[in-house]
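Secondary and tertiary structure notes
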Amino acid sequence: MTDLQQRGLHTDATADPLVAAARRLAHDVLRGSDGRWQHTEGVARRAAEASPAVPEADRPVLLAAAWLHDIGYAAPLQRSGFHPLDGACYLRDHSWPEPLAGLVAHHSAARFVAAVRGLAADLEAFPADRYASGPVADALTYADQTTGPTGERMDVEDRLAGMLRRHGPDSPNARVHDQRAPAIRAAVDRTERVLHAGS
Ligand SMILES: [Fe+2]
């Protein structure tokens, strides 16, 4: 039994070479950073659970994006200091598929934070109209926002409250919370509706 099977991640999509490569890269760059690898493993588990909410052909890219969504936190990858953008730029510059870079750029409604950090134009190198919405983007945000900082399953409201506490009241995240939180809740809600409709 493989490591992924032991962790309950065995689906046809997890056997996809893109998913395996994404997991390897994330492990290489995040394993040394406090909690990030555990969070990433949790998000990948949640994405696997959420994969019935997206078309079968899109499941590998959803799972690969889940493994890669936070690689921009890794010190060697940091450029702007905004992890969705830094992760996406790394993937683009290393010839990963464009949709993967786009999904990483826009995960968890990153565009709102990019705007207040003066990085909107940089993020728009990965067009929001293509990658910030739709079932795969929703499922990725669902997975990220229902997984806690060390990989535990978490209610979205607790996740949002914890994020505000960690980043602080003057943070860019806090400044755009009134716009960003409804977008996150809506993505989570849409994914849950599809999952429950299919169960
Ligand atoms: Fe995350």
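Placed above this text is the structure.
Below or above, wherever it landed, is the structure these notes cover. (Residues numbered from 1 in each chain as written. Predicted model: local features only at pLDDT ≥ 70, side-chain atom pairs only at ≥ 80, totals over all residues. Heavy atoms only, no water.)

1. Re the packing of aromatic side chains
For the structure shown, the criterion picks out one aromatic pair. Relative to Trp-67, the ring of Trp-37 has its centre 5.5 Å away and its plane inclined at 20 degrees; by these criteria the two rings are stacked. Note that Trp-37 is positioned in helix α3 (residues 36–50) and Trp-67 in helix α4 (residues 59–68), a separation of 30 residues in sequence. For the pair shown, Trp-37 and Trp-67 are each scored as buried. Positioned above the aromatic ring of Tyr-73 is the side chain of Arg-36, whose terminal nitrogen or guanidinium carbon lies 3.4 Å from the ring centre. (Phe/Tyr/Trp six-rings, centres within 6.5 Å; stacked < 30°, edge-to-face > 60°. Helix = DSSP H or I, 4+ residues; strand = E, 2+ residues; numbered from the N terminus. Buried < 20%, exposed > 50% of the residue type's maximum accessible area, 1.4 Å probe, protein only. Lys NZ or Arg CZ within 6 Å of the ring centre and 35° of its normal.)

2. A closer look at the side chain of Thr-191
Mapped onto the secondary structure, Thr-191 falls in helix α13 (residues 177–197). Classification of Thr-191 as buried rests on a relative accessible area of 2%. A distance of 3.0 Å separates the side chain of Thr-191 from the backbone oxygen of Ala-187, its partner in a polar contact. Beyond its immediate sequence surroundings of up to four residues, Thr-191 is in contact with Ala-50, Ala-53, Asp-138, Ala-139 and Tyr-142. (Polar contact = N/O pair within 3.5 Å; in protein donor to acceptor, adjacent residues only side chain to side chain. Contact = heavy atoms within 4.5 Å.)

3. What about the pattern of salt bridges?
Counted by the stated rule, this structure contains eight salt bridges. When the shortest N-O distance is used, the salt bridge between Asp-138 and Arg-190 registers 2.7 Å. Of the two residues, Asp-138 sits in helix α10 (residues 135–145) while Arg-190 sits in helix α13, which places them 52 residues apart along the sequence. The exposure class of Asp-138 is buried, given its relative accessible area of 7%. Connected through shared salt-bridge partners, Arg-46, Glu-49 and Arg-153 make up one network. (Salt bridge = Lys/Arg side-chain N within 4 Å of Asp/Glu carboxyl O.)

4. A word on the packing of α4 against α10
With their axes 10 Å apart at the nearest point, α4 and α10 run at an angle of 35 degrees to one another. For the pair α4 and α10, the crossing hand works out as right-handed. Mapping the contact onto sequence places Val-61, Leu-62, Ala-65 and Ala-66 in α4 and Val-136, Ala-139 and Leu-140 in α10. Of the residues assigned to the contact of α4 with α10, the class counts are seven nonpolar, no polar and no charged. (Axes fitted to C-alpha atoms, helices over the stretch in contact; angles between N-to-C directions. Left-handed = near helix turned anticlockwise from the far one by under 90°. Nonpolar A, V, L, I, M, F, W, Y, C, P; charged D, E, K, R; others polar.)

5. A few points about the packing of α10 against α13
It is at 8 Å that the axes of α10 and α13 come closest, and there the two elements cross at 105 degrees. It follows that α10 is roughly perpendicular to α13 by the angle criterion. Across from Asp-138, Ala-139, Thr-141, Tyr-142 and Gln-145 in α10, the residues of α13 making contact are Arg-180, Ile-184, Ala-187, Val-188, Arg-190, Thr-191, Glu-192 and Leu-195. Classifying every residue of the contact of α10 with α13 by side-chain character gives six nonpolar, three polar and four charged. (Parallel < 35°, antiparallel > 145°, perpendicular 65-115°, else oblique.)

6. So, the side chain of His-39
One can find His-39 in helix α3. Residue His-39 is classed as buried on the basis of its relative accessible area of 4%. Separated by 3.4 Å, the side chains of His-39 and Asp-70 make a polar contact. Contacts of His-39, omitting those with residues within four sequence positions, involve His-69, Asp-70, Asp-144, Thr-147, Gly-148, Pro-149, Thr-150, Gly-151 and Arg-159.

7. A closer look at the environment of Ala-105
As for its placement among the helices and strands, Ala-105 is situated in helix α6 (residues 98–106). In this structure the C-alpha to C-alpha distance between Ala-105 and Pro-84, which are 21 residues apart in sequence, comes to 4.6 Å. Apart from residues no more than four positions distant in its own chain, Ala-105 is found in contact with Pro-84, Ala-88, Ala-110, Leu-123 and Phe-126.

8. A few points about the coordination of the iron ion
Every protein donor of the iron ion is listed here as His-39 (NE2), His-69 (NE2), Asp-70 (OD) and Asp-144 (OD), and their distances to the metal cover 2.2 to 2.4 Å. Note that the iron ion binds four donor atoms; their angles at the metal cover 83 to 173 degrees, and the shape is irregular. Mapped onto the sequence, the donors of the iron ion take the spacing H-x29-H-D-x73-D. Taken as a pair, His-69 in the loop between α4 and α5 (83–93) and Asp-144 in helix α10 lie far apart in primary sequence, 75 residues in all. For the residue pair His-69 and Asp-144, the accessibility class agrees, reading buried in each case. (Donors = N, O, S within 2.8 Å, 3.2 Å for Na, K, Ca; no water. Tetrahedral: all angles 85-135°; square planar, octahedral: opposite > 155°, others 65-115°.)

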